[in-house]
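Chain by chain, the residues:
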Amino acid sequence: MSAAPRRLPRWLKAKAPGSPNYIDLKRLVKDLKLHTVCESAHCPNIGECWGNRTATFMILGDVCTRSCGFCAIKTGRPQYLDEEEPQRVAAAIARLDLRHAVITSVNRDELPDGGAAIFARTIQEVNRLCPSTSIEVLIPDFQGAWDALQTVLDAGPDILNHNIETVPRLYRIMRPQAKYDRSLELLRRAADAGALTKSGMMLGAGETREETERTIQDLADVDCAVLTLGQYLSPSADHVPVDRFVHPDEFDAFRRFALELGFRHVESGPLVRSSYHAEEQVSDLPPRDSAAVDPLQTA
């Protein structure tokens, strides 16, 4: 997969980290022995987001059992499960006084529930310490274990996010241990259960416009409410190389296309990532349907 680094176009220049808020948040994460996807995934927006005192907390450790072709997070077999992590994440969110918190994780395929119980306990702890904070979870596919999905839904997140990431043709190189149809099924079951669902894609990895529009249509067909579209940036020469840099005008066109399909909120632009401006997205959405349906019972 090795390829020479490509010069970034002007529209992909991000704010450099180093503000007082950035330094303060970095110290907080270190003091509480936490992980953020901002650091682990080399997010280009870390300077802006941390400068605004927002971060996406990554639970279940920092070692992932999968080896996605786009991701910078370490791959391997995790050695332990930190049962006290939910309390520390909630403490960090309380100290930051966040209006909206985003919680994601590595994949933990070796666990019977894929880490769903830790997700649920983290949501519960945040609700206990920060009752006015809305919560978004970005979850793995749990290998299609719908009882694990139910565990997370029962904890009551305000937004249930699961990224489709790319078009079906590229799953072989981008998400080799995942299944496109399984991710769609997870989003469908969550939406049928009354959750506000969200998903995201990276563009510029080799997909065509027609493939991108088909995937956006597939997400609309399972009642996905929020969509994020951003430029794929290869973390290293060992990852899937960037095929092209998508122009901002194309991102605008995809945003209009998605809104016409009925998405309630669409973030689409070169620097957009799954949790970019997440605190602004939640204000655009109506309350969840309180009458939840068990996703295990949906056909």
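Residues numbered from 1 in each chain as written. Predicted model: local features only at pLDDT ≥ 70, side-chain atom pairs only at ≥ 80, totals over all residues. Heavy atoms only, no water.

1. Topic: the overall build of the chain
Across its full length, the chain holds 11 helices and 10 strands. Of all 299 residues assigned to the chain, the portion counted as buried reaches 53%. Sequence-distant contacts in the chain: of pairs separated by 6 or more residues, those separated by 24 or more amount to 76%. By element, 49% of the accessible surface of the chain is carried by carbon and sulfur atoms, the whole surface being about 13,400 Å². (Helix = DSSP H or I, 4+ residues; strand = E, 2+ residues; numbered from the N terminus. Buried < 20%, exposed > 50% of the residue type's maximum accessible area, 1.4 Å probe, protein only. Contact = heavy atoms within 4.5 Å. Areas by Shrake-Rupley, 256 points an atom, 1.4 Å probe, with all protein chains shown as cover.)

2. Points about unusual backbone geometry
With phi around 75°, glutamate 165 is a residue other than glycine that occupies positive phi space. Positionally, glutamate 165 belongs in the loop between strand 7 (159-161) and helix 7 (171-174). Its identity as a non-glycine residue notwithstanding, aspartate 223 has a phi of 65°, on the positive side. With respect to the helices and strands, aspartate 223 occurs in the loop between helix 9 (209-221) and strand 9 (226-231).

3. Quick word on the pattern of salt bridges
Proximity of charged atoms lets side chains of opposite charge pair with each other. A complete count under the given rule lists 18 salt bridges for this structure. For lysine 198, the salt bridge identified is with glutamate 136, shortest N-O distance 2.9 Å. Of the two residues, lysine 198 sits in strand 8 (residues 197-203) while glutamate 136 sits in strand 6 (residues 134-138), which places them 62 residues apart along the sequence. Given a relative accessible area of 0%, lysine 198 falls into the buried group. Relative accessible area serves as the criterion here: at 0%, glutamate 136 is assigned to the buried category. (Salt bridge = Lys/Arg side-chain N within 4 Å of Asp/Glu carboxyl O.)

4. Quick look at helix 8 (residues 180-192)
For helix 8, with 13 residues, the first-to-last C-alpha span of 19 Å sits near the 18 Å given by 1.5 Å per residue. Every buried residue belonging to helix 8 is among Tyr180, Arg182, Ser183, Leu184, Leu186, Leu187, Arg188, Arg189, Ala190 and Ala191, and all of these are buried. On its buried side, helix 8 packs onto helix 6 (146-154), strand 7, helix 7, strand 8 and helix 9. Downstream of helix 8 by a residue or two, glycine 194 has a phi angle that is positive, lying close to 95°. (Expected span 1.5 Å × (residues − 1).)

5. With respect to the pairing of strand 8
By the criterion of burial, strand 8 is predominantly enclosed, with seven of the seven residues buried. Residues Thr197, Ser199, Met201 and Leu203 line one face of strand 8 and the alternating positions Lys198, Gly200 and Met202 line the opposite face, and both faces are buried. The sheet contact formed by strand 7 and strand 8 spans two bridges and is parallel. Across the sheet, residue asparagine 161 finds its bridge partner in strand 8, namely lysine 198. With six bridges joining them, strand 8 and strand 9 adopt parallel strand pairing. Across the sheet, the residue bridging to glycine 200 is threonine 228, located in strand 9. With helix 9 bridging strand 8 and the parallel strand 9, this β-α-β connection has right-handed handedness. (Pairing = 2+ DSSP bridges. Right-handed = clockwise from strand over helix to strand, strands pointing away.)

6. Considerations on the environment of proline 241
With respect to the secondary-structure elements, proline 241 resides in the loop between strand 9 and helix 10 (248-261). Residue proline 241 is classed as partly exposed on the basis of its relative accessible area, which comes to 34%. A C-alpha to C-alpha distance of 9.2 Å links proline 241 and glycine 204, two positions 37 residues apart in sequence.

7. Notes on helix 5 (residues 116-129)
Between the first and last C-alpha of helix 5 there are 20 Å, a value that for 14 residues agrees with the 20 Å anticipated at 1.5 Å per step. Taken together, the buried positions of helix 5 are occupied by Ala116, Ile118, Phe119, Ala120, Thr122, Ile123, Glu125 and Val126. Buried-residue contacts for helix 5 involve strand 2 (56-59), helix 4 (85-96), strand 5 (100-105), strand 6 and helix 6.

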